[in-house]
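# Descriptive analysis of the structure
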Amino acid sequence: MMAADNANPVVFEVAKQRPVTVEEEKDDVYDEIDAREVFDLIRHINDPEHPLTLEELNVVQEDLICINNKENFVSVHFTPTIPHCSMATLIGLSIRVCLLRSLPNRFKIDVIITPGSHMSEQAINKQLADKERIAAAIENSHLLNVVHQCLNTKRKQ
């Protein structure tokens, strides 16, 4: 096993689970997707190097998620814990796969490194925006197994 890039990460307090309202549970009521719903989908993704979630490491934050329901667009900025994180592309891929599997397929999804938070920000953003690279990554069984380990969440209630 490789040594972690950030051996002693800062662990942040997690947000409380959002209570589901009666209106949200009704199938016949149109409910637009909001930033909190997207955050709830990705907050429990496991970090590939630590036994912590992306929320606990402050890699994902609700205020860095933008939704445009009219234009079917979701943008998620994520912030690696250190500027030279070697797992940033894998983290971005895990976020993208989670959202592709969870959101209606009408949404265009952008997963982007928070500006100024990584030394290879442009190269990683280019990889994460390349549909052919994403498709190839998902077809790679070893890489897909690693992504599944990140997505195999143990939700805390």
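Preceding block: the structure.
Everything quoted here is computed from the prediction, not taken from an experiment. (Residues numbered from 1 in each chain as written. Predicted model: local features only at pLDDT ≥ 70, side-chain atom pairs only at ≥ 80, totals over all residues. Heavy atoms only, no water.)

### A closer look at the overall build of the protein chain
- Across its full length, the protein chain carries six helices and three strands.
- Sequence-ordered secondary structure for the protein chain, helices as α and strands as β, is α-α-β-β-α-β-α-α-α.
- Across the 157 residues in the protein chain, those meeting the buried criterion constitute 41%.
- A sequence separation of at least 24 residues applies to 66% of the contacts in the protein chain between residues at least 6 apart. (Helix = DSSP H or I, 4+ residues; strand = E, 2+ residues; numbered from the N terminus. Buried < 20%, exposed > 50% of the residue type's maximum accessible area, 1.4 Å probe, protein only. Contact = heavy atoms within 4.5 Å.)

### Looking at the side chain of H118
- Here H118 is to be found in the loop between β3 (108–113) and α4 (121–129).
- One polar contact links the side chain of H118 to the main-chain carbonyl oxygen of C85, over a distance of 2.8 Å.
- At a separation of 2.9 Å, a polar atom in the side chain of H118 contacts the main-chain amide nitrogen of S120.
- Sequence-distant contacts of H118, defined by excluding residues within four places in its chain, comprise P80, I82, P83, H84, C85, A88, I113 and I124. (Polar contact = N/O pair within 3.5 Å; in protein donor to acceptor, adjacent residues only side chain to side chain.)

### Considerations on the pairing of β3
- As paired elements, strand β2 (residues 73–78) and β3 share six bridges and run parallel to each other. Directly across from F73, in β3, lies its bridge partner K108.
- Handedness of the crossover joining β2 and β3 through helix α3 (residues 88–102) is recorded here as right-handed. (Pairing = 2+ DSSP bridges. Right-handed = clockwise from strand over helix to strand, strands pointing away.)

### Some details on the sheet that holds β2
- The strand order across the open sheet built from three strands is β1-β2-β3, with neighbouring strands paired in mixed fashion. Of all strands in the sheet, those bounded by a partner on one side alone are β1 (65–68) and β3. When strand polarity is set aside, the average angle formed by the axes of neighbouring strands in this sheet is 10°.
- In the packing of helix α2 (residues 35–42) onto the sheet, contacts are made with β1 and β2, and the angle to β1 comes to roughly 125°.
- Those strands touched by α4 are β2 and β3, and its axis lies near 160° from that of β3. (Axes fitted to C-alpha atoms, helices over the stretch in contact; angles between N-to-C directions.)

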